[in-house]
Amino acid sequence: MADEILFELLHMEIVGHLQRSSQKDEQDQCIAKLESIGFRIGQSLAERFTRDCSRFKDELDTMKFVCKDFWNTVYKKQIDNLRTNHQGVYVLQDNRFRFLTHISSGKQYMEAAPKYLALPCGMIRGALANLGVNCVVTAEVSTMPACKFQIQIQRG
Amino acid sequence: MAVCVAVIAKENYPLFIKTIPTENELKFYYTVHTSLDVVEEKVSVVGKNNNELRELYLGLLYPTEDYKVYGYVTNTKVKFVIVVESSNTSLRDNEIRSMFRKLHNSYVDMLCNPFYTPGEPITSKTFENMVLSMM
């Protein structure tokens, strides 16, 4: 079984490589590319991890799956806080997000954080899309390594 | 042994259908298509269902005079349909369940192949060989 650090290091290298190899005016496309990489990963992961679960009853069930099973298997820990306004907006808070722990533990390097959160956002979006929930996922960081993922369900 | 195996996507279009070579393959396609209604019905029954009934294997969908149709739906709403001959009474429920489990495992493995985009028709030789071994 590979060590967890392998995935984190690989992810950091992917972000760095995409940044280095893109032209000056294509910098913002990096985040979009990372997000779509995450999307495809999330689709496959959702299929694999729900293989032995029973069927989900409703949207809340699917969100709970994301918070517990999905987060546990990918990041080896659980989400610290899940909030919802019961109208299709969910906020997932992780106080020690795996990908950010090695970067800093305060306000340093905050401008670089969005790039490292693009792939996880895409993974959540891909997993939910495959489970039948269309949504938009954004992330924000107030203090490293804590971060909040905001999931907005698209209805209609 | 199955007579026809089908994999149907979330949006209810076929990703993969394989039947034993007969003259009238179209009737199997039609049977699979009509079984989709029964799958929808089974999946959307709410209220009375408690957690123990929420499993992926749907069981016998409906029997015709020559064939029996079994269904299975994954959490990502991909449906597997297996048609077997009615005269084949030696096939027990457990065997059908294990056939579906093999199908599901192969499907998951195939999804992790970078050359496959979800939603495309299935062209993987490994998947096809696994299905052929069940027919």
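Residues numbered from 1 in each chain as written. Chains lettered and ligands numbered in written order. Predicted model: local features only at pLDDT ≥ 70, side-chain atom pairs only at ≥ 80, totals over all residues. Heavy atoms only, no water.

*Asks:* Teacher, can you tell me more about the overall build of chain A here?
*Replies:* The number of helices and strands found in chain A is five helices and four strands. Mapped from its N terminus to its C terminus, chain A presents α and β elements in the order α-α-α-β-β-α-α-β-β. In terms of C-alpha radius of gyration, chain A reaches 15 Å, essentially the compact-globule figure of 15 Å for 156 residues. Taken along the three principal axes of its C-alpha coordinates, chain A extends 45 × 35 × 30 Å. A burial count over chain A gives 46% of its 156 residues as buried. For chain A, the proportion of contacts with a sequence separation of at least 24, taken over those separated by at least 6, is 61%. Within the structure as shown, chain A displays about 8,300 Å² of accessible surface, and the carbon and sulfur contribution to it stands at 50%. Here chain A contributes 20 positive and 18 negative side-chain charges, whose respective centroids are spaced 2 Å apart. (Helix = DSSP H or I, 4+ residues; strand = E, 2+ residues; numbered from the N terminus. Rg over C-alpha atoms; globule rule 2.2 N^0.38 Å. Buried < 20%, exposed > 50% of the residue type's maximum accessible area, 1.4 Å probe, protein only. Contact = heavy atoms within 4.5 Å. Areas by Shrake-Rupley, 256 points an atom, 1.4 Å probe, with all protein chains shown as cover. Lys, Arg positive; Asp, Glu negative; His and termini not counted. Charge placed at Lys NZ, Arg CZ, Asp CG, Glu CD.)

*Asks:* What is the right way to look at the sheet that holds strand 1 (residues 81–84) of chain A in this model?
*Replies:* By definition, the strands of a sheet pair up through backbone hydrogen bonds, in either a parallel or an antiparallel sense. Residue and element names in this part refer to chain A. Strand order in this open sheet of four strands is 1-2-4-3, and the pairing throughout is antiparallel. Both edges of this open sheet fall to strand 1 and strand 3 (135–140), since each of them pairs with a single strand only. Put simply, the sheet's adjacent strands are angled 15 degrees from each other on average, direction ignored. Two elements, strand 2 (residues 89–94) and strand 4 (residues 147–153), share six bridges in a ladder whose sense is antiparallel. Paired with V91 across the two strands is Q150, which belongs to strand 4. Here helix 3 (residues 59–75) sits on the sheet in contact with strand 1, strand 2 and strand 4, set at roughly 15 degrees to strand 2. Helix 5 (residues 113–130) rests against strand 3 and strand 4 of the sheet, and its axis sits at about 155 degrees to strand 3. (Pairing = 2+ DSSP bridges. Axes fitted to C-alpha atoms, helices over the stretch in contact; angles between N-to-C directions.)

*Asks:* Just to check I follow, could you spell out the interface of chain B and chain A for this structure?
*Replies:* Much of the literature gives interface size as the accessible area that the parts lose upon coming together. Listed as interface residues are 24 residues of chain B and, on the opposing side, 16 residues of chain A. Surface buried jointly by chain B and chain A totals about 1,900 Å² across both partners, of which 46% is contributed by carbon and sulfur atoms. Counting across the chain B and chain A interface gives one salt bridge. The partner of D109 of chain B in a salt bridge is R48 of chain A, with the nearest N and O atoms 2.9 Å apart. (Buried area = accessible area lost by both parts, 1.4 Å probe. Salt bridge = Lys/Arg side-chain N within 4 Å of Asp/Glu carboxyl O.)

*Asks:* Whenever I open this one, the sheet that holds strand 1 (residues 2–8) of chain B confuses me. Can you help?
*Replies:* Residue and element names in this part refer to chain B. With antiparallel pairing, five strands are arranged side by side in an open sheet as 2-1-5-4-3. Two strands bound the open sheet, and with one partner strand each, they are strand 2 (14–19) and strand 3 (57–63). Direction aside, the axes of adjacent strands within the sheet are offset by 15 degrees on average. In this sheet, strand 4 (residues 67–73) lies alongside strand 3 in antiparallel orientation, the contact comprising five bridges. Across the sheet, residue G59 finds its bridge partner in strand 4, namely G71. Together, strand 1, strand 2, strand 3, strand 4 and strand 5 (79–85) form the strand contacts of helix 1 (residues 26–43), whose direction differs from that of strand 3 by roughly 125 degrees. Sheet strands in contact with helix 2 (residues 93–111) are strand 1, strand 2, strand 3, strand 4 and strand 5, and its direction is about 140 degrees off that of strand 5.

*Asks:* When you look at unusual backbone geometry in this model, what are you seeing that I'm missing?
*Replies:* The bulk of non-glycine residues show a negative phi, and the bulk of peptide bonds are trans. Here the phi dihedral of K76 of chain A falls at roughly 60 degrees; this positive angle occurs in a residue that is not glycine. Unlike most non-glycine residues, N12 of chain B shows phi in positive territory, near 65 degrees. Mapped onto the fold, N12 of chain B is located in the loop between strand 1 and strand 2. Given a relative accessible area of 34%, N12 of chain B falls into the partly exposed group.

*Asks:* Looking at this model, I keep getting lost on the pairing of strand 1 of chain B. Mind explaining?
*Replies:* Here is the key point about a regular strand: its side chains alternate between the two faces of the sheet. All names here are of chain B. In terms of burial, strand 1 is largely enclosed, as seven of its seven residues are buried. With six bridges joining them, strand 1 and strand 5 adopt antiparallel strand pairing. Residue pairing for strand 5: I8 is matched across the bridge by K79. As judged from the five bridges shared by strand 1 and strand 2, these two strands associate in the antiparallel manner. In the strand pairing of strand 2, V5 is matched with K18. Counted along the chain from strand 1 to the antiparallel partner strand 2, the turn is five residues long, and its residue N12 has a positive phi close to 65 degrees.

Keep in mind these values describe shape, not function.
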